[in-house]
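Observations on the three-dimensional arrangement
Residue strings, one per chain:
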Amino acid sequence: LVLILHFIACIWTYHGNKEVSWVTAKSSILQDKEDLTLYLAALYWASTVSTTIGYGDFSGVNPSDYIFSMAIYFFGICMFSFLLGSINEFISQLKFEENLKVANVEKLQTWLIQIGRVGHPKLMPTNEEEYI
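Computed from a prediction, not measured in an experiment: that's the story for all the values here. (Residues numbered from 1 in each chain as written. Predicted model: local features only at pLDDT ≥ 70, side-chain atom pairs only at ≥ 80, totals over all residues. Heavy atoms only, no water.)

1. As for the packing of aromatic side chains
Condition: Aromatic pairs are defined between Phe, Tyr and Trp rings, using the six-membered ring for Trp, whenever the two ring centres lie within 6.5 Å; interplanar angles under 30 degrees are classed as stacked, those over 60 as edge-to-face, and all others as tilted. The numbering of helices and of strands both runs from the N terminus, where a helix is a DSSP run of H or I of at least 4 residues and a strand a run of E of at least 2. Buried means the residue's accessible area, taken with a 1.4 Å probe over protein chains only, is under 20% of the maximum for its type, while exposed means over 50%, and partly exposed covers the values in between.
On inspection of all chains with the given rule, the structure shows 3 aromatic pairs. Judged by centre distance (6.0 Å) and plane angle (15°), the rings of W12 and F68 are stacked. Placement of the pair is W12 in helix α1 (residues 2–16) and F68 in helix α5 (residues 63–118), with a sequence separation of 56 residues. Between W45 and F68, the aromatic rings sit 6.0 Å apart at their centres with planes inclined by 25°, giving stacked as the arrangement. Remark: F68 occurs in helix α5 and W45 occurs in helix α4 (residues 35–50); sequence separation between them is 23 residues. Owing to a relative accessible area of 3%, W45 belongs among the buried residues under this scheme. On the basis of relative accessible area, F68 is assigned to the buried category, the value being 14%.

Structure follows, in structure tokens:
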């Protein structure tokens, strides 16, 4: 994730080197600053946009900036959706295993009742965990 944010920040910095760009729009803050300051501003923009927070303090001012911003917004939405889907799948898997264990215990109880009626106590396990 950090590497992806780095690449996004580098591309956003490249977009900022045009004559009319997000850097010139924030001229009081960023113009004639060191490359590190410009990179940190771009990294800040990349992290806020890709996490779908997007404060709006840095935004595009030309069509290529707008297109790139929309692509990063879409990437952020996809990343967020994937993360939530993964968490949901993890929780579903935990519940499935728990439900499977409950079903096995119910089958065991039914089996124990049937064995008790037939009268074969030697075949019966001493506790439920031995059966599972």
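Structure's up, so let's keep going.
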